[in-house]
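Results of the structural survey
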Amino acid sequence: MLERKVQTRREGLPELPNLNGRKPVLRFAPNPNGPLSFGHSRGLVINGQYAKDLGGELILRFDDTDTTVKPPMLEAYESIPVQQEWLCGFSAHRIVIASERMQEYHDYAELMIKGEFGYVCTCSADEFREFRVSKTECPCRGNDVAKNLEGWKMMNDPAGYQSGDAVLRVKTDMTLKNPALRDWPAARIQTNPHPRVGNKWRVWPLLDFQSAVEDYLQKVTHIIRGKDLMDSTRKQTLLYEHFGWEYPETIYWGRVKVHEFGAFSTSQMKKDIAEGNFDGWDDPRLPTLSALSRRGIRPESLRAFWIELGLTQKDIAVPLSTLYSHNTKVIDPNAPRLAFVRDAFPVVLKGNFPKTGSISSHSDTEMKPRNYSIDEGVWIEEDDSGRPIRLKDLCDIDADGNVESIDRSDKRSVVHWVAGGKPSTLTIVNGQNIETIEGILEDNEYSVGTIVQLERIGYAIIEENGLLMVHD
RNA sequence: GCUCGUAUAGUGUAGUGGCCCAUCAUGAAGGCCUCUCGAGCCUUCGACCCGGGUUCAAAUCCCGGUACGAGCACCA
């Protein structure tokens, strides 16, 4: 007999390339212009998991150098580290705030000018675009170091250049094949005050420069990020070559689209919340981490989800049900069963049956059973009425409520029921629609935040004012 | 337009020249279970974008095509 060899399937994340025995230093760098969202969780999970698995370090870096287009939100500096720890299961080894590192960036900007690979450019954005397209050097490019230092001084002087008058550029090569790389801008003037450092600085670095310098200073070994930043890598590599530094190993992932979440941007959400279209950042319709947490999505589930997707550069569309199936595995073992009867329909039971008793709260665990006490009838869902049914763990009845058997006597459908109970509501979020269902909830003593399984409906989390559907 | 990247079942994913008539998960369908439209267990369904080339041998390497995506911001 030939023995069929079993293929070995790689588990978890792929090996980190070019590690060479080092402990990896990774970073996750969100813009603190709002709290973290589902989209951010990938970077946190992947970078965090590598750091954890390989005994390395995770740097949480606030890239808050834009005060105009994406102004920083002060609360985010507090909430992001909390959410990072919630998601990763450990707190970041280092926290770096770009706006507090400005002196470093200015120092390197000056070094760049003095090293003759940076220059102050006073062309307008439109003018430069034409130079870029036509592979032509702009007139500022030929200025000498002294002239550039003078320009740099004027950029930093409130009485000098104004916002839009001048930028600092990295000298690459205007004939480079990729137009994105031609003499890219490193810093610009911004006069809006920064919520943390006010008007202390006038010239702010752009992402590619700030990030490149900071990765060098923090000795980052591996950068794992979206492939939309591939050209960033190329730009930054050119800068590293000028400085004589070695660029970190870089890995990319593709775009992930979750249909149910649609297109949300932090700034749009901020606006919608301000206008009252959403209750807050944890409105269950939003794809923020606080909303997901409120909806009963566990961090372990998010981690399993992203690790399973891995690090391919493919652009993918994933249904939320994939995340839910991971979540089910996490929450089911601890989710007590409870009955919630929608569109409650009263049934008077005629015949003999045990008026009191207890039912298992979870067939697979040793969870404390639930007790019931029936006066003369029970609530069932209207859809279940008018036909012979089996009241789960109680008895078989006919369409009129006559008890036919205590033991299960045939294959009629098993339905859930409530004796007593209290009116409650179940809120279901489906994309941007929110639906509230009235019903009778079995008596229980579970606290707010407990995830239960509503029999035949799905998982729900107990909130102050009712139940919020987790998923089915 | 220029530049860069990706292409394995419905959806994701493993696979880096022979262990592959292709992995695992999810999904769908069916079944089991002294009792949920849940969990668990079992069975079934289902894929290497197209065309060339290299090779004894290609999902895997090369070329071309096609499709999709991203960048070309004084955003991150």
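In case you missed it, the structure is sitting above this.
Before going into details, it helps to say that this report is about the structure given with it. (Residues numbered from 1 in each chain as written. Chains lettered and ligands numbered in written order. Predicted model: local features only at pLDDT ≥ 70, side-chain atom pairs only at ≥ 80, totals over all residues. Heavy atoms only, no water.)

What follows covers the overall build of chain A. The number of helices and strands found in chain A is 11 helices and 26 strands. Taken over the C-alpha trace, chain A has a radius of gyration of 30 Å; the compact-globule value for 472 residues is 23 Å, which it surpasses by more than 25%. A total of 472 residues make up chain A; the buried ones form 50% of that total. Charge separation in chain A, taken as the distance between the mean sites of 58 positive and 69 negative side-chain charges, equals 6 Å. (Helix = DSSP H or I, 4+ residues; strand = E, 2+ residues; numbered from the N terminus. Rg over C-alpha atoms; globule rule 2.2 N^0.38 Å. Buried < 20%, exposed > 50% of the residue type's maximum accessible area, 1.4 Å probe, protein only. Lys, Arg positive; Asp, Glu negative; His and termini not counted. Charge placed at Lys NZ, Arg CZ, Asp CG, Glu CD.)

Moving on to the protein's contact with RNA strand B. In the vicinity of RNA strand B there are 56 residues, among which Arg9, Lys70, Arg132, Arg390 and Arg456 approach most closely. In RNA strand B, atoms within 4 Å of the protein come 68% from sugar and phosphate. A distance of 2.9 Å separates a sugar or linking oxygen of RNA strand B from a polar atom in the side chain of Gln313. The side chain of Arg390 places a nitrogen or oxygen atom 2.3 Å from a base nitrogen of RNA strand B. Among the elements of the structure, α4 (125-133), β6 (185-189), α7 (230-243), α10 (299-309), β11 (316-317) and α11 (320-331) are those that each provide at least two residues to the surface near RNA strand B. By residue class, the composition of the surface near RNA strand B is 16 nonpolar, 12 polar and 28 charged. (Near = heavy atom within 4 Å. Polar contact = N/O pair within 3.5 Å; in protein donor to acceptor, adjacent residues only side chain to side chain. Nonpolar A, V, L, I, M, F, W, Y, C, P; charged D, E, K, R; others polar.)

Further remarks concern helix α8 (residues 266-274). The set of residues buried in α8 consists of Thr266, Met269, Asp272 and Ile273. For α8, the arc enclosing every buried residue in end-on projection is 125 degrees, short of the 170-degree limit, so these residues lie on one face. Directly after α8, the chain includes Gly276, whose backbone phi takes a positive value near 85 degrees. (Arc of directions from axis to C-beta.)

Here the focus is unusual backbone geometry. A positive phi angle is found at Asn18, which is not glycine, with a value near 55 degrees. Note that Asn18 resides in the segment before β1 (25-28). Judged by relative accessible area, which is 36%, Asn18 ranks as partly exposed.

Within the element layout of this structure, Cys123 appears in the loop between β4 (118-121) and α4. Counting along the chain gives 160 residues from Cys123 to Asp283, while the straight-line C-alpha distance between them is 45 Å. If near-sequence neighbours (up to four positions away) are discounted, Cys123 is found in contact with Phe128, Phe131, Cys138, Pro139 and Cys140. (Contact = heavy atoms within 4.5 Å.)

With that settled, consider the pairing of strand β25 (residues 458-463). With respect to burial, β25 is a largely interior element, 5 of its 6 residues being buried. If you look at the hairpin formed by strand β24 (residues 451-454) and β25, you'll find 3 residues sitting between the two strands, and Arg456 has a positive phi there, around 70 degrees. The loop that links β25 with its antiparallel partner strand β26 (residues 466-471) comprises 2 residues. (Pairing = 2+ DSSP bridges.)

Any link to function would need more than the numbers given here.
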